[in-house]
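Here is what each chain is made of, one letter per residue.
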Amino acid sequence: MKQKILETIHRMTNEKIKARKAPFHIMYMDLRRKFNDESKLLEGIRELIKEKKVKAGHTLNDRYLKPMKKSETNLNHEIWYSCDCCNFQYDLRESCSCPNCRTHKSESYGI
């Protein structure tokens, strides 16, 4: 069950990234709609969190889930960019501007 949950989280995250719908995390209520047994879903999510395959946190109205980064376990969804001005590397999903020198580089990537 937990493998199916993890695959669903990855698939839903990839769909959001391809559609450029930020934020890229998955809401628990959206994941719950995909599964019939909520108790098994919660148990699987708890196991995935303990195994550090999924991050979870709170939003204003719900909980979010997202796959861990490869620096922690898995780097499938990151888009790393090196700034032309200062060579600082950052995740392009989080910001189109370099957090180090605040230079905006969206035109070169069409974002």
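Predicted, not measured: the structure shown is a model, and the values here were computed from it.

A look at the environment of Met 12
Argument step 1. Looking at the element boundaries, Met 12 is found in helix 1 (residues 2-18).
Argument step 2. Separated by 18 residues in sequence, Met 12 and Asp 30 have C-alpha atoms that sit 9.3 Å apart.
Argument step 3. In this structure, Met 12 is in contact with Ile 26, Asp 30, Leu 31 and Lys 34, ignoring residues within four places of it in sequence.

A short note on the pattern of salt bridges
Working definition: two side chains of opposite charge can pair if their charged atoms are close together.
Argument step 1. Counted by the stated rule, this structure contains six salt bridges.
Argument step 2. For Glu 51, the salt bridge is made with Lys 2, and the minimal N-O distance between the two is 2.3 Å. Here Glu 51 is found in the loop between helix 3 (38-50) and strand 2 (54-58), whereas its partner Lys 2 is found in helix 1, with 49 residues between them in sequence.
Argument step 3. Here Glu 38 makes a salt bridge to Arg 32, at a shortest N to O gap of 3.9 Å.
Argument step 4. The class of Arg 32 is partly exposed, set by a relative accessible area of 37%.
Argument step 5. Through salt bridges with shared partners, one network takes in Lys 2, Glu 47, Glu 51 and Lys 53.

Cut-offs and rules
Residues numbered from 1 in each chain as written. Predicted model: local features only at pLDDT ≥ 70, side-chain atom pairs only at ≥ 80, totals over all residues. Heavy atoms only, no water. Helix = DSSP H or I, 4+ residues; strand = E, 2+ residues; numbered from the N terminus. Contact = heavy atoms within 4.5 Å. Salt bridge = Lys/Arg side-chain N within 4 Å of Asp/Glu carboxyl O. Buried < 20%, exposed > 50% of the residue type's maximum accessible area, 1.4 Å probe, protein only.

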